[in-house]
Amino acid sequence: MDFRWDLIVEYAPFFAKGTLLTIGLSIAGIVIGTFLGLLIGLGKLMRNKLLALPFNWYINFFRGTPLMVQILLIHFAVVPPFLGTTNAIVAAIVALSLNSAAYIAEIFRAGIQSIDRGQMEAARSLGMTHVQAMKFVILPQAFKRMIPPLGNEFIVLIKDSSLAALIAAPELMYWGRAMQGQYYRAWEPYLTAAVIYLVLTLSLNFLLTRLERRMATE
Amino acid sequence: MIKVENLKKSFGLNEVLKDINVTVKPQEVVVVIGPSGSGKSTFLRCINMLESITGGHVYIEGIDLTDKKTDINKVRTEVGMVFQQFNLFPHKKVIENVMLAPMKVRKISAEEARAKGLALLRKVGLEEKAEAYPDSLSGGQKQRVAIARALAMEPNIMLFDEPTSALDPEMVGEVLEVMKQLAKEGMTMVVVTHEMGFAKEVGDRVLFMDGGLIVEENIPSELFDHPKEARTKAFLSKVL
Amino acid sequence: MKKLKVVSSVLMVAFLLILSACGTSKTGGDEKKTVRVVTDAAYAPFEYQDKGEVVGFDIDFIKAVAKEAGYNIKVEHVGWDPIFVEIKGKTADIAISSITITDKRKQTYDFSVPYFFSKNEILVPKGSAIKSAADLKGKVVAVQNGTTGQEAAEAILGENSKDLKKFENNNLAILELKKNGADAVVADNTVVEEYVRNNPNENFTVIEDDGAFEKEYYGLLFPKGSKLKADFDKAVKKVIDNGTYAKLFKQWLKKDPDIQILKDQQ
C-alpha cells in the first residue's frame, strides 16, 4: 500500500502543536487528579459512613460513566455558565482531572489500607495525631506501593486525553482527525498519532521505573 | 499511676474483657500471663486506648481516658508501648524511627532528637545500627530499636505486648536484658508475656488472666509456687 | 522507512481480515449479484438508524437504483472514516452517505454521476453581524470534521486556522454555537435548514451565499476502476428520469427537487 509521507510532513507542525497540548492536558490532569484523588481517597476512608458517602458516590459516578459523556457534559453544560462561553482546553483539563481523581482515589485508598495496622498503632502509641501518623508514617509507605498502579493510571490518562478531540480541543488526536478529514486517509494520521502516544507513554514509563527503583533502594 | 476500674470491652457480641480492676503503683513491674484469648493483650491495649473502651474507667496519673475531654494524644506521650511485631517504620532509618515522634510531637530540634536518639540506641546496644534500615536488622535488634523508640518520648509508663513472642529463641535474651535494665531504673511497666522466668525474676506482681477476668494476682513467688485457683494451676502445669 | 511500510501493510492486512470476517460481497447461486453498500448512518434524513435499522433518503434511493441496475444490495452502517478505508481496500463495493464529489476525493476514488444537489450555508444567531461568507473572517466557526462545510470555512479562514473548531458531527458544532463557543456553523443546507425548522425558539437564522460557496453534488462512491460504475450511472439517470427520485425526495425532504440542476451536471 502507498503511504503518503509527504502528508505527514505537511502536518508535522500541527502534530507538534497537538503533542504539546496533549502533554499539557496530561500533566494538568495528573497533577490536579492526584491532589483531588488523595483528598477523595481519604474522604472515602472516613469512619463516619455518612460523611464518606459523597466521596463514595463521586467515585461511583466518575468511574461508572463514560469519559466521553463526562467531557461533553463538562464542555457544554458545566464550563459555559462559569466562563460565559465554551473553552475546550479548560473543559478537557476539568474532565480529565475529575475522572482520573476517581481512579486515583481508589488507588490511594487501596494503598493506605494495604499498610499494616500496626504502623498506625505504633505511630499513635507514640502520641502522634491521626493526621501526623498519616503524613509521616502511612502515606510515605503507601505512596511507594501506589507507584505502579498510579503509573498505569497516568498512562491511561495520556491516552484518554485524546477524547478531548471530541470537543475540538486542538490536541494530538484532533489534528490526526483533521488530517484524516482533509485527505480522507486513515493510516497516515492515526499511525502517526499512535507512534507519538507510544513515545509519550514510554517516556512516562521510563520515568516511573526510575522513580520506583530509587524508592526501592532507599 | 494506672488505675483500671470495672473495665469492659466487647467486639460486637463477643465480650473480651468482663470486669477488670487493677492498680499499678509508680515504679511497679506488673506481669500479665494467661492462655491465648484470655484478653490480656486487649487489656494492655485499653490502657493507652488503642482499643476503645466499652465500659468502666482507665485512669493514667489521675486522668480519666474515657472522659471525652481528655486529649488522648497527650496521655499517650506518657505511655510507651512495645508491640509483638515491633511495628518499626520500614521507610525510615533506625535513628529516624527513634527521632520521629520527639520531633513531631514534642517539637524538639533535629539535633537534640538525634543526640537523644543515639544515647538511647547506645543504651540498647545498637548505636552502630543508627543509619541502617529496619529490614536489615534481626528480630531481637528490631525489638530493641522499638524499645528505644518508645523511650525517646520519655514516658512514665511502658507497656509491653508479648515483646519476645515473635523472636527466635536465641534473641529473646537480649530483649529481656534491656527490659530488666529498665525495670532496675525504676520504670513503671506492664508486661504481657509468656516468659515465666522473666516474670519471676523481674515482676513485682503477676496477674493471671483467663476468660476476660483476672483470675488470680500475687507476688511472683507465691503465684508460681502456690497458685490458689484451679485454672491457674492448670495453666502453670502446661507452661512450666 | 521500509520497515514502517511493512508494519502498515501488516496492519492493513489484519484490518482487512477482520472486515472480511464481517462479510463481503459474494456471488451466490442467484443470477443477481449482491453488492455490499456501506454508509455512515448518522446523518438524518439521508441515512440514519431507526431502531437499529438503517433508513433514509439515500438508502431508499440506492435500493431503487440497484433494482434498476439488476443487483441485490446489502446496506451496512460502518461509520464515516471506515467508509473510505473499505472502499479503498475494496472490502465494500459502493458507499452512499451524502458524499460530496470533490476533485481531491476523485484522485483516490471513483464517483457516480451526481444524484443530489447541495450547498453550504451559514447558521448564525439572529441579529449576528455576520451577513455573508466574507464576514466569517476573524470569527470563530464550528464545523463537522471532514465535511465540505469545513473546506468552505477554511477557504475563508485559512487552512487549519485557530478560529476553526472541528467537531465529530454537526450536532456538536451547533451545540458549540449555542453555548457561545463559536460565532457561526457552516454546514450543508439540509442540516442547517432542518435545524432552524425544528428549533424555531432558539433564534437562529440561515445565511445563504451562493457567490462564496460552491455548488455541491453527492455521488455514489466506488473503488478506483470499479466495474459497477457504468451500470449504476445508467440506473441513477433512469431513476431520476422516471420520477422515482422526485417521489423519494418529497417523501424524505418534504420539498420538490431541482431536477434540472442535476441534469446539467450529468
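Bear in mind the structure is a predicted one, so any value in this text is a computation, not a measurement.

### Some remarks on the sheet that holds strand β10 (residues 213-218) of chain B
Residue and element names in this part refer to chain B. With mixed pairing, six strands are arranged side by side in an open sheet as β6-β7-β8-β3-β9-β10. Two strands bound the open sheet, and with one partner strand each, they are β6 (79-82) and β10. Mean inter-strand twist for the sheet, computed between neighbouring axes without regard to direction, equals 20°. Note that strand β9 (residues 205-210) and β10 share five bridges and pair antiparallel.

### A word on the domain arrangement of chain C
All names here are of chain C. For chain C, the domain assignment lists domain 1 (32-117 + 217-260) and domain 2 (120-207). Averaged C-alpha coordinates put domain 1 and domain 2 at centres separated by 26 Å. The interface is formed by ten residues belonging to domain 1 together with seven residues belonging to domain 2. Counting each side, the surface lost to burial between domain 1 and domain 2 is near 780 Å², with a carbon and sulfur contribution of 43%. Inspection of the region where domain 1 meets domain 2 yields one salt bridge. Note that E193 and K255 form a salt bridge whose closest N and O atoms lie 3.6 Å from each other. At the boundary of domain 1 and domain 2, one finds three residue pairs in polar contact (both at pLDDT 80 or more). Tallied by class, the residues present in the side of domain 1 that touches domain 2 amount to six nonpolar, two polar and two charged.

### A look at the interface of chain C and chain A
Contacts between the two partners involve 31 residues from chain C, matched on the other side by 32 residues from chain A. Around 2,900 Å² of area is buried between chain C and chain A when both sides are counted, 58% of it from carbon and sulfur atoms. When the area that chain C buries against chain A is broken down by residue, the three leading residues are N160, E168 and K179 of chain C, summing to 18%. Between the two partners, chain C and chain A, sit one salt bridge. In this structure, the salt-bridge partner of R177 of chain A is E168 of chain C, at a minimum N-O distance of 2.9 Å. At the surface where chain C touches chain A, the tally comes to eleven residue pairs in polar contact (both at pLDDT 80 or more). Those elements giving two or more residues to the side of chain C that touches chain A turn out to be α1 (2-21), α3 (80-88), α4 (103-106), β10 (164-167) and α6 (170-178) of chain C. With six residues, the top contributor of residues to the side of chain C that touches chain A is α1 of chain C. Residues that form the side of chain C that touches chain A fall into these classes: 13 nonpolar, seven polar and eleven charged.

### Description of the nonpolar core
Membership of the largest hydrophobic core comes to 146 residues, with the highest contact counts inside it found for F43 of chain B together with F232 of chain C. Leave out the neighbours within four places in its chain, and F232 of chain C touches V35, I62, V65, A66, Y71, I94, L220 and F222 of chain C. Ranked by size, the runner-up nonpolar core spans 50 residues in total, among them V94, L137, F198 and L236 of chain B.

### Looking at the sheet that holds strand β2 (residues 42-43) of chain C
Residue and element names in this part refer to chain C. Taken together, the three strands give an open sheet; going across it, the order is β2-β3-β4, and neighbouring strands pair in antiparallel fashion. Taken across any chain shown, the strands that pair with only one partner, and hence form the sheet edges, are β2 and β4 (53-55). Of the strand pairs in this sheet, strand β3 (residues 47-50) and β4 are connected by three bridges, and their pairing is antiparallel. Directly across from Y48, in β4, lies its bridge partner V55.

### Looking at the pattern of salt bridges
All names here are of chain C. The final tally for this structure, using the stated rule, is 36 salt bridges over all chains. Its salt-bridge partner being E86, residue R36 comes within 2.5 Å of it at the nearest N-O pair. Separated by 50 residues along the polypeptide, R36 in strand β1 (residues 33-39) and E86 in helix α3 bring together distant segments of the chain. In this structure, R36 and E86 share a single accessibility class: buried. Among the ionic pairs, K238 bridges to E68, the shortest N-O distance being 3.1 Å. Taken as a pair, K238 in helix α8 (residues 228-241) and E68 in helix α2 (residues 57-69) lie far apart in primary sequence, 170 residues in all. Residue classification places K238 among the partly exposed residues on the basis of a relative accessible area of 44%.

### Details of the packing of aromatic side chains
Overall, the coordinates contain 29 aromatic pairs over all chains when judged by the stated rule. Taking 4.6 Å as the distance between ring centres and 40° as the angle between the ring planes, the aromatic pair formed by Y58 of chain A and F62 of chain A counts as tilted. Of this pair, Y58 of chain A and F62 of chain A are both found in helix α2 (residues 49-64), four residues apart, which corresponds to roughly one turn of the helix. Comparing Y58 of chain A with F62 of chain A shows no difference in burial state: the two are buried. Between the aromatic rings of Y174 of chain A and W175 of chain A, the centroid separation amounts to 5.1 Å while the plane-to-plane angle is 85°, which identifies the pairing as edge-to-face. Following the ring pairs from residue to residue traces out a cluster consisting of Y43, F46, F57, F61, Y115, F116, Y218, Y245 and F249 of chain C. Residue placement shows K3 of chain B over the ring face of Y59 of chain B; its charged tip is 5.7 Å from the ring centre. Note that K200 of chain B overlies the ring of F224 of chain B, its terminal NZ or CZ placed 5.5 Å from the centroid.

### Some remarks on the side chain of D93 of chain C
With respect to the secondary-structure elements, D93 of chain C resides in the loop between α3 and β6 (94-95). No salt bridge is formed by the buried D93 of chain C, whose closest oppositely charged neighbour, K33 of chain C, lies at an N-O distance of 5.5 Å.

### Thoughts on the confidence of the model for chain C
Residues and elements named next belong to chain C. Scored by pLDDT, chain C has a mean of 86; 88% of the residues are at 70 or more. Of the regions scoring below 50 in pLDDT, residues 1-7 engages in two contacts with residues more than four places distant in sequence or in other chains. Per-residue pLDDT stays below 50 along residues 20-30; that stretch engages in ten contacts with residues further than four places along the chain or on separate chains. Of the two predicted TM-score estimates for the complex, the pTM is 0.74 and the ipTM is 0.91.

### Focus on the packing of α2 of chain C against helix α9 (residues 244-253) of chain C
All names here are of chain C. At a minimum axis separation of 10 Å, α2 and α9 run at an interaxial angle of 160°. Viewed along their axes, α2 and α9 adopt a mutual orientation that is roughly antiparallel. Read as a crossing pair, α2 and α9 show a hand that is right-handed. Between α2 and α9, the contacting residues are F57, D60, F61 and A64 on the first element and T244, Y245, L248, F249, Q251 and W252 on the second. Tallied by class, residues from the contact of α2 with α9 come to seven nonpolar, two polar and one charged.

The rules behind the values
Residues numbered from 1 in each chain as written. Chains lettered and ligands numbered in written order. Predicted model: local features only at pLDDT ≥ 70, side-chain atom pairs only at ≥ 80, totals over all residues. Heavy atoms only, no water. Pairing = 2+ DSSP bridges. Helix = DSSP H or I, 4+ residues; strand = E, 2+ residues; numbered from the N terminus. Axes fitted to C-alpha atoms, helices over the stretch in contact; angles between N-to-C directions. Domains from an automatic or database assignment. Contact = heavy atoms within 4.5 Å. Buried area = accessible area lost by both parts, 1.4 Å probe. Salt bridge = Lys/Arg side-chain N within 4 Å of Asp/Glu carboxyl O. Polar contact = N/O pair within 3.5 Å; in protein donor to acceptor, adjacent residues only side chain to side chain. Nonpolar A, V, L, I, M, F, W, Y, C, P; charged D, E, K, R; others polar. Core = buried A, V, L, I, M, F, W, Y, C linked by side-chain atoms within 4.5 Å. Buried < 20%, exposed > 50% of the residue type's maximum accessible area, 1.4 Å probe, protein only. Phe/Tyr/Trp six-rings, centres within 6.5 Å; stacked < 30°, edge-to-face > 60°. Lys NZ or Arg CZ within 6 Å of the ring centre and 35° of its normal. Lys, Arg positive; Asp, Glu negative; His and termini not counted. pLDDT = per-residue confidence, 0-100. Parallel < 35°, antiparallel > 145°, perpendicular 65-115°, else oblique. Left-handed = near helix turned anticlockwise from the far one by under 90°.

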